[in-house]
Amino acid sequence: DGYDIASLIANETSAVRSGEVFSPEEMFGKYLDLVPLYETEVRHMRHAFANDDGSGGGNNNNLASNLSYLDFLSILAKGLNTSIPEAGKLRDRRKYTRFLREMEKYLTGFLKRTSPFLNVSSEVIAPAIASFEKEWAAKGGVAGWECRQAEASMVLESQDAKGGLQSANGNDKGFGIDLSKFATSADLENAVSGDELKSELARLGLKCGGTVSDRAARLFLTKDTPLDKLPPKVFAKKKGGGAKNATPSAKEKTTGSDLTEVVAGRRVNIARLESIVSSLLDQVRPTLDGTRRRVERRTTQTENERDQEIDEEINGTKLDESNAKKNKTRDGEGGSDDEDEEDTPIYNPKNVPLGWDGKPIPYWLFKLHGLNHFYPCEICGNEAYRGRRNFEKHFTESRHAYGMRCLGIPNTKHFHGVTKIADAQELWSKLKTVLESNQFDGVEEEEYEDSNGNVIKRVQYEELARQGLL
């Protein structure tokens, strides 16, 4: 058609070369550019990234602002679910949720740009959500989040919030409490525990306080009455609304958007977003580690060194260019024959050790040093040493000393040449007997002299002294 391959590739990659696809920090997809997200979202959270235990305190106000970009990348590398305490996430739940959504948006776009053939939704996000919902439905929590069995049924409610308002009785067939089985609120109170009633009321956006009877009566109202027809006093208060916004007016009934907003800030939805972001971070794990190493390296570099590193990453290092020139010159001067000789496999049928030049040593030298003989040592874990010299030398090395120490035997010259565990233990028992027999016994062998010049043992001398006979 008149087009060559080079022109087609140039047209397709023109957006990449012009900088429209990747930012300068991303270096054509080699690194992550999380600096804008760090500046706009992370630095404004006072508790989530402050290693706070949730108890509060005046000293924690500036901890998140003092968190460096390198520390932020280290937290991402370790995992958001285990590196950040749950109390801090819940205290900054709105900001933390916004941060997770921005992270999901950026990582999804980054994967689509760097791996266009990867279906992020079906191959990365969908398995993460399925695994999360299975674990949460079983325990009411996941790693990094407290397990609350009463909240196990709330795992699917975000899907309900996306679908709009609930059914007329406020319950879904997939999860929740089926109120059609109960005739009165007393029957509901006797059949369902207080924690389950509280969880269901929280799921519907209703007040969940009071006694078990109050909770059952409040939930029983939703059996025959739609949520938008319920009185405003049964709904939970909105955070930050003050006393005026404590209950909705008659015109401001709870709508589907209100329920979606209430649902989005709950533990299960924050944990679900966190699991999605964790799965995306696992997908870009090598890129994240490279970004963290690059930021750590930049802390000790000057401005010129940083510019030089960027130039080398774009255009390649000068060392590669010099090596390419040398190879071209060597090929032109007939050096290709030497390279062919170096690339040919070494003929070594007798498995002779290699010398300093990378070639097998002469066979006569191999026989002279006795390298054709192997000497096993049971104390060293049945390790075989080639040649008598290496065998004699290994008795003073750390491996043999460690084996003797494990046997409880000192590695002295008495055991030089002993390789069997049984022989070493037998020799040690004989040496202990000889040492004990040669040891000086002061009670039996110490002698004293009385006033008449008689030499007697220490025991006899002490007995005569006590009797006053000396």
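Residues numbered from 1 in each chain as written. Predicted model: local features only at pLDDT ≥ 70, side-chain atom pairs only at ≥ 80, totals over all residues. Heavy atoms only, no water.

### A closer look at the overall build of the protein
Next, step 1: From N to C terminus, the protein includes 24 helices and 4 strands.
Next, step 2: Long-range contacts, defined as pairs at least 24 residues apart, comprise 53% of the intrachain contacts of the protein with a sequence gap of at least 6.
Next, step 3: For the protein, the computed accessible surface area is about 29300 Å², with 51% contributed by carbon and sulfur atoms. (Helix = DSSP H or I, 4+ residues; strand = E, 2+ residues; numbered from the N terminus. Contact = heavy atoms within 4.5 Å. Areas by Shrake-Rupley, 256 points an atom, 1.4 Å probe, with all protein chains shown as cover.)

### Topic: the pairing of strand 2 (residues 383–386)
Two faces belong to every sheet, and in a regular strand the side chains alternate between them.
Next, step 1: As defined by bridge partners, strand 1 (residues 374–377) adjoins strand 2 across 4 bridges and the pair is classed as antiparallel. By the bridge assignment for strand 2, Cys377 is matched with Glu383.
Next, step 2: In textbook terms, the turn of a hairpin is the stretch between consecutive antiparallel strands, and for strand 1 and strand 2 this stretch comprises 5 residues, one of which, Gly381, has a positive phi near 80°. (Pairing = 2+ DSSP bridges.)

### Observations regarding helix 8 (residues 120–139)
Next, step 1: For helix 8, built from 20 residues, the straight-helix expectation of 28 Å at 1.5 Å per residue is met to within 8% by its first-to-last C-alpha distance of 27 Å.
Next, step 2: Approximately 35° is the largest bend angle found in helix 8, and it occurs at Ala126, with the proline Pro127 only one to four residues beyond.
Next, step 3: Immediately beyond the C-terminal end of helix 8, within one or two residues, lies Gly140, with a positive phi of roughly 75°. (Expected span 1.5 Å × (residues − 1). Bend = angle between axes of the 7 residues up to and from the residue.)

### Here's the deal with the pattern of salt bridges
Next, step 1: Summed over all chains, the structure comprises 16 salt bridges.
Next, step 2: As a salt-bridge pair, Glu274 and Lys89 come within 2.8 Å of each other at their nearest N and O atoms. With Glu274 in helix 14 (residues 267–283) and Lys89 in helix 6 (residues 86–91), the pair connects residues that are 185 residues apart, well separated along the chain. In this pair, the class of Glu274 matches that of Lys89, namely buried.
Next, step 3: A cluster of three or more residues bridged by salt bridges with shared partners is formed by Glu25, Arg294 and Arg298. (Salt bridge = Lys/Arg side-chain N within 4 Å of Asp/Glu carboxyl O. Buried < 20%, exposed > 50% of the residue type's maximum accessible area, 1.4 Å probe, protein only.)

### Quick look at the nonpolar core
Next, step 1: Residues Leu34, Phe49, Phe72, Leu80, Tyr96 and Phe99 are the most contacted members of the largest nonpolar core, which totals 44 residues.
Next, step 2: If near-sequence neighbours (up to four positions away) are discounted, Phe99 is found in contact with Leu37, Glu41, Val42, Met45, Phe49, Phe72 and Leu80.
Next, step 3: Among the nonpolar cores identified, the runner-up in size contains 16 residues, and Leu179, Phe220, Val234 and Phe235 belong to it. (Core = buried A, V, L, I, M, F, W, Y, C linked by side-chain atoms within 4.5 Å.)

### A short note on the confidence of the model for the protein
Next, step 1: For the protein, per-residue confidence averages 76 on the pLDDT scale, and residues scoring 70 or more make up 76% of the total.
Next, step 2: Contacts from residues 161–175, a stretch scored under 50 in pLDDT, to residues over four places away or in other chains number 34 contacts. (pLDDT = per-residue confidence, 0-100.)

### Quick look at helix 12 (residues 212–220)
Next, step 1: Taken together, the buried positions of helix 12 are Arg215, Ala216, Arg218, Leu219 and Phe220.
Next, step 2: Those residues of helix 12 that are buried lie in contact with helix 10 (185–191) and helix 11 (194–204).

### So, the side chain of Glu41
Next, step 1: Here Glu41 shows up in the loop between helix 3 (35–40) and helix 4 (69–78).
Next, step 2: The class for Glu41 is buried, based on a relative accessible area of 10%.
Next, step 3: Those residues in contact with Glu41 that lie beyond four places of it in its chain are Lys95, Arg98, Phe99 and Glu102.

### Let's talk about the packing of aromatic side chains
Next, step 1: Summed over all chains, the structure comprises 12 aromatic pairs.
Next, step 2: Ring plane angle 75° and centroid distance 5.1 Å describe the contact between Phe391 and Phe395, whose orientation is recorded as edge-to-face.
Next, step 3: A connected cluster of aromatic rings, assembled from ring pairs, spans Tyr38, Tyr69, Phe72, Tyr96 and Phe99.
Next, step 4: In this structure, Arg388 packs its charged tip against the face of Tyr375, placed 5.3 Å from the ring centre. (Phe/Tyr/Trp six-rings, centres within 6.5 Å; stacked < 30°, edge-to-face > 60°. Lys NZ or Arg CZ within 6 Å of the ring centre and 35° of its normal.)

### Examining unusual backbone geometry
Next, step 1: A positive phi angle, near 60°, is found at Asn382, a position not held by glycine.
Next, step 2: The residue Asn382 is located in the loop between strand 1 and strand 2 in this model.
Next, step 3: Assessed through its relative accessible area of 60%, Asn382 is described here as exposed.

### Some remarks on the packing of helix 4 against helix 15 (residues 285–298)
Next, step 1: Taken N-terminus to C-terminus, the directions of helix 4 and helix 15 make an angle of 155°; their axes are 10 Å apart at the nearest point. With respect to helix 15, the element helix 4 is oriented roughly antiparallel. At the point where helix 4 passes helix 15, the crossing takes the left-handed sense. On helix 15, the residues touching Tyr69, Leu70, Leu73, Ser74, Leu76 and Ala77 of helix 4 are Arg285, Leu288, Asp289, Thr291, Arg292, Val295 and Glu296.
Next, step 2: Residue composition of the contact of helix 4 with helix 15, grouped by class: 7 nonpolar, 2 polar and 4 charged. (Axes fitted to C-alpha atoms, helices over the stretch in contact; angles between N-to-C directions. Parallel < 35°, antiparallel > 145°, perpendicular 65-115°, else oblique. Left-handed = near helix turned anticlockwise from the far one by under 90°. Nonpolar A, V, L, I, M, F, W, Y, C, P; charged D, E, K, R; others polar.)

### Focus: the environment of Val120
Next, step 1: When you line up the elements, Val120 lands in helix 8.
Next, step 2: Since its relative accessible area comes to 3%, Val120 is described here as buried.
Next, step 3: Not counting chain neighbours up to four residues away, the residues in contact with Val120 comprise Thr108, Leu111, Lys112, Ile125 and Leu280.

### Side note on the packing of helix 15 against helix 16 (residues 303–315)
Next, step 1: Taken N-terminus to C-terminus, the directions of helix 15 and helix 16 make an angle of 150°; their axes are 11 Å apart at the nearest point. Viewed along their axes, helix 15 and helix 16 form a crossing whose handedness is right-handed. Each of Arg294, Arg297 and Arg298 in helix 15 lies in contact with helix 16, whose residues at this interface are Arg306, Glu309, Ile310 and Glu313.
Next, step 2: For the contact of helix 15 with helix 16, the class distribution of residues is 1 nonpolar, no polar and 6 charged.

### Topic: the environment of Leu427
Next, step 1: One can find Leu427 in helix 22 (residues 421–438).
Next, step 2: Judged by relative accessible area, which is 26%, Leu427 ranks as partly exposed.
Next, step 3: With 13 residues separating them along the chain, Leu427 and His414 place their C-alpha atoms 8.6 Å apart.
Next, step 4: Apart from the residues lying within four places of it in its own chain, the contact partners of Leu427 are His414, Phe415 and Val418.

### Focus on the state of the cysteines
Next, step 1: Tallied over the full model, the rule gives 0 disulfides.
Next, step 2: Here Cys377 is not cross-linked by a disulfide; its sulfur's nearest cysteine counterpart is in Cys380, at 3.5 Å.
Next, step 3: For Cys377, a relative accessible area of 0% gives the class buried. (Disulfide = S-S within 2.5 Å.)

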